[in-house]
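Working through the structure, step by step
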Amino acid sequence: MKLAFIGLGTMGSPMAGHLQKSGHEVTVYNRTTAKAEKWVETYGGALAVTPALAAKGAEIVITCVGNDNDLREVTRGSDGVLSEMAPGTLLIDHTTASAEVARELSQVATGQGIGFLDAPVSGGQAGAENGALSVMVGGDQASYDIAEPVMQAYGKSIRLLGEAGSGQLAKMVNQICIAGVVQGLSEAVHFAKQAGLDGEQVFDVIQHGAAGSWQMINRHKTMIDDVFDYGFAVDWMRKDLGITLDEARRNGAQLPVTALVDQFYAEVQSMGGGRWDTSSLVKRFDADQ
């Protein structure tokens, strides 16, 4: 298919690469043109100097940008993709954004005869590079049926969860889970150290039992080794938790642990760790000693 991919960040670049390698004809746009040029050198395809030009003639346009404002700019702005997309085409958004903006874009796109799916992803940089992301989708069944074979290029687990906005709400559930698990793992690493245990041996044993998690399997050793350059950054986690806590205030959900962990991530930012990965929560304990 003829595709456009808007946003070549840590996640978007390998995702677009999988699409090109799968045989699709991909035109990319990135705010920093040098990244788009490097992507074309690596994967082939073509680049455009505006989102609108990337979307011109595309059957499916895919966005993966930073936040609500970025998403509105590349879709509804003067050079946004919706200015060039034709009726019968499809817009898929992989940005982690608010459910509100997802519903807004769905309404605008539908008014132009364009399908829309909000489809945030989870799995981090490694998942994007390995084509093994989880994709949480909101929208209508007809659009999903068109999109699913395309998203299989980078998605291992893909599911339609409800109407527009449902994908973003599901991503909030995902981030709530991660926040609690990483905080628990950070406390466990700290406790093992204070108790004089060999942390690597302890976690090698317990990761196969009821305490095990993806975070434990993949991050316990790097947390012990004080290495925090493995993907999803604290700055982005705080953005996501902010969206989640705002939504909770609207729907009445009580998220005391999530709110506390958000404050802890703010402390990590104040330590200069905004670009550290999310497992850097454990660094707070170093600051207390």
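Residues numbered from 1 in each chain as written. Predicted model: local features only at pLDDT ≥ 70, side-chain atom pairs only at ≥ 80, totals over all residues. Heavy atoms only, no water.

**Quick notes on the overall build of the protein chain**
- From N to C terminus, the protein chain includes 13 helices and nine strands.
- The C-alpha atoms of the protein chain give a radius of gyration of 20 Å, which matches the 19 Å a tight globule of 289 residues would have.
- With the C-alpha coordinates aligned to their principal axes, the bounding extent of the protein chain is approximately 65 × 45 × 35 Å.
- For the protein chain, the residues scored as buried account for 50% of the 289 residues in total.
- Taking all contacts inside the protein chain whose residues are at least 6 apart in sequence as the whole, residues at least 24 apart take part in 64%. (Helix = DSSP H or I, 4+ residues; strand = E, 2+ residues; numbered from the N terminus. Rg over C-alpha atoms; globule rule 2.2 N^0.38 Å. Buried < 20%, exposed > 50% of the residue type's maximum accessible area, 1.4 Å probe, protein only. Contact = heavy atoms within 4.5 Å.)

**Structural notes on the packing of helix α8 (residues 166–194) against helix α12 (residues 256–270)**
- Closest axis-to-axis distance for the α8/α12 pair is 9 Å, and the angle between their directions is 65 degrees. Relative to α12, the element α8 lies roughly perpendicular. Relative to α12, α8 is oriented so that their crossing is left-handed. Of the residues in α12, those in contact with Ile 176, Ala 179, Gly 180, Val 182 and Gln 183 of α8 are Val 257, Thr 258, Val 261, Phe 264 and Tyr 265. (Axes fitted to C-alpha atoms, helices over the stretch in contact; angles between N-to-C directions. Parallel < 35°, antiparallel > 145°, perpendicular 65-115°, else oblique. Left-handed = near helix turned anticlockwise from the far one by under 90°.)

**A word on the side chain of Ser 122**
- For Ser 122, the position within the fold is in strand β7 (residues 121–122).
- Residue Ser 122 is classed as buried on the basis of its relative accessible area, which comes to 15%.
- Polar contacts involving the side chain of Ser 122 include one to the side chain of Asn 174, which spans 3.1 Å.
- Setting aside its immediate chain neighbours within four residues, Ser 122 contacts Leu 133, Ser 134, Met 136 and Asn 174. (Polar contact = N/O pair within 3.5 Å; in protein donor to acceptor, adjacent residues only side chain to side chain.)

**Here's the deal with the sheet that holds strand β8 (residues 133–137)**
- Spatially, β7-β8-β9 is the arrangement adopted by the three strands of the open sheet, whose pairing is mixed. The sheet terminates laterally at β7 and β9 (155–160), the two strands that pair on one side only.
- Of the strand pairs in this sheet, β8 and β9 are connected by five bridges, and their pairing is parallel. Bridging from a neighbouring strand, Met 136 pairs with Arg 159 of β9.
- On top of the sheet, α8 reaches β7 and β8; it is set at about 135 degrees to β8, its chief contact. (Pairing = 2+ DSSP bridges.)

**Some details on unusual backbone geometry**
- At Asp 226, a residue that is not glycine, the phi angle is positive and equals roughly 65 degrees.
- The topology assignment puts Asp 226 in the loop between α10 (214–224) and α11 (234–251).
- Assessed through its relative accessible area of 40%, Asp 226 is described here as partly exposed.

**As for the packing of aromatic side chains**
- This model, assessed by the stated rule, comprises two aromatic pairs.
- Centre to centre, the rings of Trp 39 and Tyr 43 are 5.1 Å apart; their planes meet at 40 degrees, and the pair counts as tilted. Of this pair, Trp 39 and Tyr 43 both sit in helix α2 (residues 33–43), separated by four residues, roughly a single helical turn.
- By relative accessible area, which is 2% here, Trp 39 ends up buried.
- On the basis of relative accessible area, Tyr 43 is assigned to the partly exposed category, the value being 25%. (Phe/Tyr/Trp six-rings, centres within 6.5 Å; stacked < 30°, edge-to-face > 60°.)

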